[in-house]
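# Structure assessment
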Amino acid sequence: MKVLTLGSDTQAKEIFPPDTEFDKAYHPGKKNYYNIIFLGHFLQFKDRREISPFLKQLRESLVEDGELWVTVPSLEYAALQILKDDNPSFDAFTALYGDDANPHKCGFRLLELRLVVTNAGYEVRRAVQEGYKIGMITKDGTQEMLSMQNLVIAARHDGKAEEAIE
Amino acid sequence: MSIPNVDVAVACSGTQTPDWWSPWAAMLLEAQKSGLVNIARFWTLQSALPDHNKNHAISDSLSPGAGIAPATEKKRNNLTDANRVEITRRFLEYDSDWIFWSDDDTVPPLGALTHLLSLSREFVAGLYYYNKPPHNPIAYMRREGSPYYDPIWNFPYGTLMPVDSVGMGCTLIHRSVYERILQNFTVVMRPNGSLTAIKNDRITGDLEKFKEGTLLEVPQPRIENGSLIIPVWTPEVDDNRPFPFYALEYGRTEDHHFCEMCIDIGIRPYIDSTVNCQHWKNKPADRLDFKKEWFNHEGLNVGF
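Everything numeric here is computed off the predicted structure, so don't read it as measured data. Starting from 1, residues in each chain are numbered consecutively following that chain's sequence as written. Each chain takes a letter, starting from A, and each ligand takes a number, starting from 1, following the order in which they are written. In view of the model being predicted, local features appear only for residues whose pLDDT reaches at least 70, and side-chain atom pairs are presented and counted only at 80 or more, with totals across whole chains, interfaces and linings using the full set of residues.

## Some thoughts on the overall build of chain B
The condition is simple: Each helix corresponds to a stretch of at least 4 residues labelled H or I by DSSP, and each strand to a stretch of at least 2 residues labelled E; elements are numbered beginning at the N terminus. Exposure in this text rests on C-beta crowding, where 20 or more other C-beta atoms within 10 Å of a residue's own make it buried, 12 or fewer make it exposed, and counts in between make it partly exposed. The C-beta atoms are placed from the backbone. In this description, a residue-residue contact is defined by the distance between C-beta atoms placed from the backbone, which must lie within 7 Å.
Each helix and strand counted, chain B has eight helices and 16 strands in total. Out of the 304 residues belonging to chain B, those deemed buried represent 37%. Considering only residue pairs separated by 6 or more positions, chain B has 74% of its internal contacts joining residues 24 or more positions apart.

Dropping the structure here:
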């Protein structure tokens, strides 16, 4: 299985089997090549105008029925924490803004993430909000916190719906 | 590119308000007009309210001698499950690719059918909401380690995810789902005459053991090592009741029964939270309704 992973190494290692060999750099020249492209907390660091062309480009690198997996911080979750809690946890703000070294340039609710992937020509197969662990560096060292992310799994599928089922 | 044929099914068709008819018909007309779908057939049967006493209409609605409903079926009350299995049987007798289930009180939004088709899911549903608080969606996850289900609750708009059970109020199912169930399950009759289906790989021993016996010779259901053991046998060849895809039993919705069969053969229902239906109720049932039925039953026409 050929997997390209951009973004969080930790997540990629949690998701894929231990013997998976990852490409960690993207070469646009590789067409019809990857079975899976995993963007683990990666898209939010790109300028929002670059997202759609980038996803379209990645699509060309997938084999037919190859899958794109995208995770991003959940804006819904972050906003809810901030609204309902007078002292929201730090991860809510990190989900929105990133950190000083790596500020976010854009953000996604699940719906927008799904739409941008669909509009780039993919067939969305799953779109969910789910928990994930985030490592926070504090004065006491690295602290693991639970937060929520949005996950979209979509496929490059050039056939029509009926063929996908049969 | 061939256009998929979709049968539209409403398991219950009682009295609907224009609030239901107009947007429901508009949704279907819009789908047909899109050129992406061919609405092949409509299947509707009357009176499928799941309250165990209003559901006689399905047999009444069948013309005598049609050869579809056996005499035994005509005598009993028919419930939502009976209507659904009858519709499913007829759907499978023809050649449409999909069946789109709607209820007589759910109104899918414009574009619902074409959108659900575009998802390439063999079993996918939009959401409609319980008509009383807390207005949860009629879609469920099985509580871990429990036989019970909880409605889905904490999910963002835009969710497209597998669930353990979903209602049939706005649900698109590919015919292959039913065909795979037919291939993988065997119908058996229980001592009370009802039909159920057991997955083939869970059947061992002689299925004909009680076939020739009289009912008196059939042992009573019993519990053995924590398992309820009920005698079953193959129905007679002339028992032409439909395959029990849906079963309203034990106080559970018939949708759970169907979804459990699907999951048993590896098919998960999906919900798409971008497809949100209205859930209409015509009017509340109250004492006046009861009196009307009661007076009618007593032969008193007092001009309600």
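## With respect to the overall build of chain A
Quick reminder of the rule: Throughout, radius of gyration means the C-alpha value; the globule benchmark is 2.2 Å times the number of residues raised to the power 0.38.
Helix and strand counts for chain A stand at six helices and six strands. What you see in chain A, going N to C, is helices and strands ordered as β-α-β-β-α-β-α-α-α-β-β-α. Here the C-alpha atoms of chain A give a radius of gyration of 17 Å, agreeing with the 15 Å that 2.2 N^0.38 yields for 166 residues. In chain A, buried positions account for 33% of the 166 residues.

## A word on the nonpolar core
Where we set the bar: A set of buried Ala, Val, Leu, Ile, Met, Phe, Trp, Tyr and Cys residues, joined through C-beta atoms within 7 Å, is what we mean by a nonpolar core.
With 96 residues, the main nonpolar core has A:Val117 and B:Ala9 as its most contacted residues. Ignoring anything within four residues of it in the chain, the contact list for B:Ala9 reads B:Trp43, B:Ile87, B:Phe91, B:Ile99, B:Phe100 and B:Trp101.

## Describing the interface of chain B and chain A
Rules: Residues are sorted three ways: Asp, Glu, Lys and Arg are charged, Ala, Val, Leu, Ile, Met, Phe, Trp, Tyr, Cys and Pro are nonpolar, and all the rest, Gly among them, are polar.
Facing the 17 residues of chain B at the interface are 17 residues of chain A. Breaking the side of chain B that touches chain A down by element, the ones donating at least two residues are helix 5 (112-118) and strand 8 (160-162) of chain B. The class makeup of the residues in the side of chain B that touches chain A is eight nonpolar, seven polar and two charged.

## A short note on the sheet that holds strand 6 (residues 139-142) of chain B
All names here are of chain B. Filter applied, for reference: Whether two strands pair comes down to DSSP finding at least two bridges between them.
In space, the three strands of this open sheet follow the order 7-6-9, with antiparallel pairing throughout. For this open sheet the edge positions go to strand 7 (149-151) and strand 9 (165-166), each flanked by a neighbour on one side alone. Both strand 6 and strand 9 contribute to a ladder of two bridges, which runs antiparallel. Across the sheet, the residue bridging to Tyr-140 is Ser-165, located in strand 9.

## Focus: helix 4 (residues 80-93) of chain B
Residue and element names in this part refer to chain B. Formally: For a helix, the expected span equals 1.5 Å multiplied by the number of residues minus one.
When the terminal C-alpha atoms of helix 4 are compared, their 20 Å separation across 14 residues agrees well with the 20 Å that a helix rising 1.5 Å per residue should span. Along helix 4, ten of the 14 residues are buried, which leaves the element largely enclosed by surrounding structure. All of the buried residues in helix 4 are Thr-80, Asp-81, Ala-82, Asn-83, Arg-84, Val-85, Glu-86, Ile-87, Thr-88 and Phe-91.

## A closer look at the environment of A:Gln149
All names here are of chain A. Within the secondary structure, Gln-149 is located in strand 6 (residues 141-155). For Gln-149, a count of 23 C-beta atoms within 10 Å translates into the label buried. Along the sequence, Gln-149 and Thr-71 sit 78 residues apart, while their C-alpha atoms lie 6.4 Å from each other. Every residue in contact with Gln-149, bar those within four places of it in the chain, is listed here: Thr-71, Val-72, Pro-73, Ser-74, Glu-130 and Tyr-132.

## Quick look at unusual backbone geometry
Glycine aside, residues mostly have negative phi angles, and peptide bonds mostly take the trans form. Residue and element names in this part refer to chain B. Positioned with a positive phi, Asn-225 is a non-glycine residue whose angle comes to about 50°. Looking at the secondary structure, you find Asn-225 in the loop between strand 13 (222-224) and strand 14 (227-229). Unusually for a residue other than glycine, Tyr-250 sits at a positive phi of about 60°. Inspection of the secondary structure assignment puts Tyr-250 in the loop between strand 14 and helix 7 (254-264).

## Focus on the confidence of the model for chain B
All names here are of chain B. Stated formally: pLDDT is defined as a per-residue confidence score from the predictor, taking values between 0 and 100.
Across chain B, the average pLDDT comes to 83, with 80% of residues at or above 70. Per-residue pLDDT stays below 50 along residues 47-77; that stretch engages in 46 contacts with residues further than four places along the chain or on separate chains. Confidence metrics for the complex model read pTM 0.83 and ipTM 0.84.

## Considering the packing of helix 2 (residues 48-61) of chain A against helix 5 (residues 110-119) of chain A
All names here are of chain A. Defined as follows: As a rule, the C-alpha atoms of each element are fitted with a line to give its axis, helices using only the stretch in contact, and angles between N-to-C directions run from 0 to 180 degrees. Orientation categories follow fixed angle ranges, with anything under 35 degrees roughly parallel, anything over 145 roughly antiparallel, 65 to 115 roughly perpendicular, and all other angles oblique. Rotating anticlockwise by less than a right angle from the far helix to the near helix defines a left-handed crossing, while the corresponding clockwise rotation defines a right-handed one.
Close contact between helix 2 and helix 5 brings their axes to 9 Å; oriented N to C, the two are set at 50°. The pairing of helix 2 with helix 5 is recorded here as oblique in orientation. Along this stretch, helix 2 crosses helix 5, giving a crossing that reads as right-handed. Contacts between helix 2 and helix 5 pair Ile-51, Ser-52 and Leu-55 from the former with Val-116, Val-117 and Asn-119 from the latter. Per-class residue counts for the contact of helix 2 with helix 5 are four nonpolar, two polar and no charged.

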